[in-house]
Amino acid sequence: MEEKKCEVVLFGPWANAFCTRVELALKLKGIPYEYVEEDLTNKSELFLSLNPVHKKVPVLVHNGKSTAESLIILEYIERIVPSFYIIFGSKDKEREKAIEDSSQLLKVFEEGIEKDFPGQSPFFNGEILGYLGVVIGSLACNYQAVDEAIGVVLISKKNQKFLSWVNALKNYPLLEEKLQPHDKLKLKERVTMH
Ligand SMILES: N[C@@H](CCC(=O)N[C@@H](CS)C(=O)NCC(=O)O)C(=O)O
């Protein structure tokens, strides 16, 4: 492995569903990576040193740190490229670009949802709140408080589908009960951001 060439390296055999899961996430986030083919019938020393306990693929190496288990890797990827955080940390032209990039990613998400759950608005998978709604709702439903606190529009008007899902989720009783009150959260975000 030539770590200097690419800071993200994925180890996995061809046509492995768990590795495909990770590759989809990397591509969705636009992260360049090097793919290293691992032969599971003859595991390399390097691979065994990266995942010495479970010895399973996929393994993702980022800046020399290895992570195993596909779902944990997805969480890790989300942490290294969280688009909303790039928006918070940027200014002027850089922020405009970050907002546009984020909008493009939401477009990919909207298209995927429309393809997999056609005609099932307002919730991703029908009338009942599912896990996807929980994942997205907890992250995005408070967008207005964050927008007002930092003075940007986090969810672009170009992402009407996403906005309508998020607004529907906001009014779902369980989320209504758990989400922080708008004004209190706005105050907290203001303090955190400045
Ligand atoms: N829960 C794991 C499953 C990974 C897994 O089962 N990998 C298999 C290939 S499908 C493996 O590496 N097997 C090699 C072995 O057990 O020696 C994930 O999501 O990453």
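Residues numbered from 1 in each chain as written. Predicted model: local features only at pLDDT ≥ 70, side-chain atom pairs only at ≥ 80, totals over all residues.

- The protein chain is annotated in an unreviewed UniProt entry as Glutathione S-transferase of Quercus lobata.
- A UniProt comment under Function (unreviewed entry) is attached to the protein chain, and it reads "Is involved in the conjugation of reduced glutathione to a wide number of exogenous and endogenous hydrophobic electrophiles."
- Check the Subcellular location (unreviewed entry) section of the UniProt entry for the protein chain; it says "Cytoplasm, Cytosol". (UniProt positions renumbered as here; feature names shortened; annotations may be inferred.)

Topic: the pairing of strand 3 (residues 59-62)
(1) Moving on: Looking at chain direction, strand 1 (residues 8-12) and strand 3 are connected through 4 bridges and run antiparallel. Its bridge partner lying in strand 3, Phe11 is registered against Val59.
(2) Moving on: Summarising the sheet, strand 3 and strand 4 (residues 65-68) pair through 4 bridges and their orientation is antiparallel. Paired with Leu60 across the strands is Thr67, a residue of strand 4.
(3) Moving on: What sits between the antiparallel neighbours strand 3 and strand 4 is a turn of 2 residues, in which Asn63 has the positive phi angle 50°. (Pairing = 2+ DSSP bridges. Helix = DSSP H or I, 4+ residues; strand = E, 2+ residues; numbered from the N terminus.)

Looking at the packing of helix 1 (residues 17-28) against helix 3 (residues 70-80)
In a packed pair of helices, the relevant descriptors are the angle between the two axes and the axis-to-axis distance.
(1) Moving on: Where helix 1 contacts helix 3, the axes come no closer than 9 Å and their chain directions differ by 10°. Here helix 1 lies roughly parallel to helix 3, going by the angle between them. Touching Phe18, Arg21, Val22, Ala25 and Leu26 of helix 1 are Ser70, Ile73, Leu74 and Ile77, all from helix 3.
(2) Moving on: Here the contact of helix 1 with helix 3 is composed, by residue class, of 7 nonpolar, 1 polar and 1 charged. (Axes fitted to C-alpha atoms, helices over the stretch in contact; angles between N-to-C directions. Parallel < 35°, antiparallel > 145°, perpendicular 65-115°, else oblique. Contact = placed C-beta atoms within 7 Å. Nonpolar A, V, L, I, M, F, W, Y, C, P; charged D, E, K, R; others polar.)

So, the pairing of strand 2 (residues 34-37)
(1) Moving on: For strand 1 and strand 2, the ladder comprises 4 bridges, and the chain directions are parallel. Its bridge partner lying in strand 2, Phe11 is registered against Val36.
(2) Moving on: This β-α-β element, strand 1 to helix 1 to strand 2, shows right-handed connectivity. (Right-handed = clockwise from strand over helix to strand, strands pointing away.)

Focus on the environment of Ala140
(1) Moving on: Mapped onto the elements, Ala140 comes out in helix 6 (residues 131-140).
(2) Moving on: A count of 20 C-beta atoms within 10 Å places Ala140 in the buried class.
(3) Moving on: Distance from Ala140 to Leu154, taken between C-alpha atoms, is 9.2 Å for residues 14 residues apart in sequence.
(4) Moving on: With residues up to four places along the chain from it excluded, the contact list for Ala140 reads Ile155 and Val166. (Buried ≥ 20, exposed ≤ 12 C-beta atoms within 10 Å, placed from the backbone.)

A word on unusual backbone geometry
(1) Moving on: The amide bond that connects Val57 to the next residue, Pro58, takes the cis arrangement and shows omega of 0°.
(2) Moving on: Along the polypeptide, Pro58 turns up in the loop between helix 2 (45-50) and strand 3.
(3) Moving on: The phi dihedral of Lys55 is positive, around 55°, even though this residue is not glycine.
(4) Moving on: Along the chain, Lys55 turns up in the loop between helix 2 and strand 3.
(5) Moving on: For Asn63, which is not a glycine, the phi torsion comes out positive at approximately 50°.
(6) Moving on: Inspection of the secondary structure assignment puts Asn63 in the loop between strand 3 and strand 4.

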